[in-house]
Structure formats: C-alpha cells, structure tokens
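Inside the fold
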Amino acid sequence: MQDASDPYTLSLSDLSPAQWLEEMRDIGETCGFFEPLGPRHNAAFIEKGDTLLVTFESLPAIQSLSEDARPIGFDLAKANDWSCLTVISNRDTWFREDEIYGFFDQMTDDGFFDDFEQVIFFGAGPCGYAACAFSVASPGATVFALEPQATLDPRLTEWDDRFIHMRRSNFTDRYGFAPDMLEAASAAYVIYDPADRLGAMHAALFQRSGVTRFRARHLGGGMQQSLTQMGVIEPLVTAAANGTLDTALFAKLYRHRRSHALYCKKLFATLESQDRPHLAEAVCAYIVNQFGAPRYRRKLKAYRQANATVEDGID
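If you're wondering where the values come from, they're calculated on a predicted model, not measured in any experiment.

1. Some points on the overall build of the chain
If you tally the helices and strands in the chain, you get 14 helices and eight strands. Taking 20 Å as the expected radius of gyration for a compact globule of 315 residues, we find that the chain reaches 21 Å, a close match to that expectation. Overall, the C-alpha framework of the chain stretches about 75 × 45 × 40 Å when taken along its three principal axes. Looking at the chain residue by residue over its 315 residues, the buried ones come to 52%. Taking as baseline every contact in the chain between residues at least 6 positions apart, the subset at least 24 positions apart corresponds to 67%. As displayed, the chain has an accessible area near 14500 Å², and 47% of this comes from carbon and sulfur atoms. Computing the positive centroid from 30 side-chain charges and the negative centroid from 43, the chain places the two 12 Å apart.

What follows is the structure, encoded as structure tokens:
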C-alpha cells in the first residue's frame, strides 16, 4: 500500500488489473470508501472538497491513457480540490447492471449527493452515456459528456452497427435513455465530432432544453485522449462546473488543436480522402513545420510537385 496522504497523485502504473483494484480498494477505504458492484464494476470514493465529481471510467482505458494509470477523475478533482466518486468497469459495459442501479438508488436514498454543494458527472463514449444516464440520481447536477451514445436500443439506433454485441442488453428499463435522464440536470454539455456520422446522430438525440452541444470536428474516436493531450480537458470541465462554458470559450480552448499533432494528421487524412490537394498540401506543410515527421516531408514534396505540374498545365 502506497502513502495515501494525497491519493490523487499516487502512481498505479505497472500493475495487473487485480493489483490495480487492490490499490484502489486501499485508497478508497483510507480516504472514503470502496464498494464492489457485482463482478464487473467497482466504485471508489475520495472525500476532499464540497464539490463532488462523479466519473465513469473503464479500467483498460485508465491503464492505457494515463501514464500513472490513474483515473482521469483523480486529475480533474485534484486540479479543483474536489471530492471524487469513480465508478469503474472492467471493460465497456455501458454500466447496464442491476448492481449499478442499486448503488445509485442507495446513494440517493442516503442523501449522499445532498452533502455536496455541487455535483458534476463526467464520462466519454460508453462512460459518457453512463454519466448522462445516472446524473438523474442527483437532480441539479452538471453533466459533461464526450461523444456519448444516447442508447443502444436497436429499436431506436439500429443504424449504429458498432456495438452489435450490446443489443441484448436492456436500455429501456431504469436509467435507460440517456437524453431523458438529463431533464433533472442544471446544465449538460455534449461534445461530439460532426464528421463522425454515427456519433453525430447520437449527439442529435441529446438536442433538448438545458443541453449545450459543441462540435469538435476531426477529433474522431478517442476524444478524451486528444483533449487531454491538448491540455484543455481540465479547463473545459472546470468552466462547465462554474457555468462559464459557452461557444466562445469552447472555441478559444479548441484552438489548441493546432498544436496537437494527431489532430493535424487526422485533418490531413480527411483532406486526402476528399481529394483536395491544395488544402492537403497546406496542412502537410504545417505538420512538417510544426512537428517534423519525415513521412510527411516526403508527402509534402510529392504534393508540391503534383500541384506545380497541374498549375503548369493550366497556364
């Protein structure tokens, strides 16, 4: 067991899943509580400040995205001196389990959320779905979700063929249709990529009063990782909590994408696929100037030669 005097800074890297959960159990029992929720989920609570951040995260994502294998909730909570409740799945489950329902029922009945001045729910993808769906357990909460699904009920989303294995799961019982569960939230923010057709279709289902949607074009899947690497995930969540997140602030923060190599490379790939050689050349030149990348130097040389040949032919 590590020293848990500041649990948000502990390194949990180089641990097997079982060892990682044991460390989380020790942290939770020392600083708040740890509760298994059936065979596939666990909840860890760290008590700090009067604001509670509730995050939904999967263990594989935590271990692959964080250098120290810490939940992103720990980093967000540390930056703001918040308490943190992290609900962890052992894979992408969309948290559709009776044990999860019972846990949030009990938290509501015990008045757990009422002990905090503010409650914020956070998640991305399947965990973004859960953040929206379970926010109803704390009326008045703020919700911040990255590329969430609205539901995987095939009667509503048969057009989404990415998660066919989940179609036998029940998305029609309690905590089911995520957009409806946001009716009790004080504010909800959904970030999506309009170029991701299926993700954008899910985002459209969240269009309702109290929900603000922001377009993060060309980020595609893995939005949480990209925004974290840009250094904007914490200011975005903090602004959402403060009620200051609007279109202007989002646009200002999203300009950091220009210094994010992966975003620039995705933009270049999109322009290539659209056969827009002059724009592709401009973006390729930007990548070379900003990030180096020998592969893109070769591409840039080829584009310049090809575009010059076309222009000479026009003349």
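2. Looking at the pattern of salt bridges
As enumerated under the stated definition, the model contains 13 salt bridges in all. Two residues, Asp6 and Lys78, come together in a salt bridge whose shortest N-O distance is 3.3 Å. Taken as a pair, Asp6 in the segment before α1 (17-31) and Lys78 in helix α3 (residues 72-80) lie far apart in primary sequence, 72 residues in all. Salt bridges sharing partners connect three or more residues here, namely Glu22, Arg25 and Glu29.

3. As for unusual backbone geometry
Although it is not a glycine, Asp14 sits at a positive phi angle of roughly 60°. Summarising the element assignment, Asp14 is placed in the segment before α1.

4. Digging into the pairing of strand β5 (residues 118-124)
In terms of burial, β5 is a largely internal element, six of the seven residues being buried. Judged from the five bridges that link them, strand β3 (residues 51-58) and β5 form a sheet pairing that is parallel. If you follow Leu53 over to β5, its bridge partner there is Ile120. Where β5 lies against strand β6 (residues 142-146), five bridges are found, and the strand directions are parallel. Pairing of Ile120 across the sheet is with Thr142, part of β6. The β-α-β motif built from β5, the intervening helix α5 (residues 126-134) and the parallel element β6 has right-handed crossover chirality.

5. Looking at the side chain of Thr142
Within the element layout of this structure, Thr142 appears in strand β6. Residues within four places of Thr142 in sequence aside, it is in contact with Gln118, Val119, Ile120, Phe121, Ser186, Ala187, Tyr189 and Ala240.

6. A word on the environment of Glu183
For Glu183, the location among the structural elements is in the loop between α7 (178-181) and β7 (187-192). Taking the relative accessible area as the measure of exposure, Glu183 reaches 62% and is therefore exposed. Along the backbone, Glu183 and Val211 are 28 residues apart, and their C-alpha atoms lie at a distance of 9.1 Å.

7. Quick notes on the pairing of β3
When you tally the buried positions in β3, you get eight out of eight residues, the bulk of the element. Because side chains alternate across β3, one face comprises the buried residues Thr51, Leu53, Thr55 and Glu57, and the other comprises Leu52, Val54, Phe56 and Ser58, equally buried. Bridge count for β3 against strand β4 (residues 83-89) is seven bridges, and the pairing is parallel. Residue pairing in the sheet places Leu52 in a bridge with Ser83 of β4.

8. Quick word on the sheet that holds β5
The sheet built from eight strands is open, its strands ordered β1-β2-β4-β3-β5-β6-β7-β8 with mixed pairing. Of all the strands in the sheet, the pair left with one neighbour each is β1 (32-36) and β8 (211-215). The average angle at which neighbouring strand axes cross in this sheet is 10°, direction not considered. As paired elements, β6 and β7 share five bridges and run parallel to each other. Following the sheet pairing, Phe144 is matched in β7 by Tyr189. Against the sheet, α5 contacts β3, β5 and β6, and its axis sits at roughly 150° relative to β5. Packing of helix α9 (residues 223-230) onto the sheet brings it into contact with β5, β6 and β7, and relative to β6 it is tilted by some 105°.

9. Examining the packing of aromatic side chains
One pass over the full model with this rule turns up 27 aromatic pairs. Plain terms: the ring middles of Phe56 and Phe104 are 5.8 Å apart, the flat faces sit at 25° to each other, and that makes the pair stacked. Of this pair, Phe56 sits in strand β3 while Phe104 sits in helix α4 (residues 98-109), placing them 48 residues apart in sequence. Phe56 gets classed as buried once you look at its relative accessible area, which sits at 2%. Here Arg295 stacks its cationic end above the ring of Tyr296, 5.1 Å away from the centre of that ring.

Procedures and definitions
- Residues numbered from 1 in each chain as written.
- Predicted model: local features only at pLDDT ≥ 70, side-chain atom pairs only at ≥ 80, totals over all residues.
- Heavy atoms only, no water.
- Helix = DSSP H or I, 4+ residues; strand = E, 2+ residues; numbered from the N terminus.
- Rg over C-alpha atoms; globule rule 2.2 N^0.38 Å.
- Buried < 20%, exposed > 50% of the residue type's maximum accessible area, 1.4 Å probe, protein only.
- Contact = heavy atoms within 4.5 Å.
- Areas by Shrake-Rupley, 256 points an atom, 1.4 Å probe, with all protein chains shown as cover.
- Lys, Arg positive; Asp, Glu negative; His and termini not counted.
- Charge placed at Lys NZ, Arg CZ, Asp CG, Glu CD.
- Salt bridge = Lys/Arg side-chain N within 4 Å of Asp/Glu carboxyl O.
- Pairing = 2+ DSSP bridges.
- Right-handed = clockwise from strand over helix to strand, strands pointing away.
- Axes fitted to C-alpha atoms, helices over the stretch in contact; angles between N-to-C directions.
- Phe/Tyr/Trp six-rings, centres within 6.5 Å; stacked < 30°, edge-to-face > 60°.
- Lys NZ or Arg CZ within 6 Å of the ring centre and 35° of its normal.

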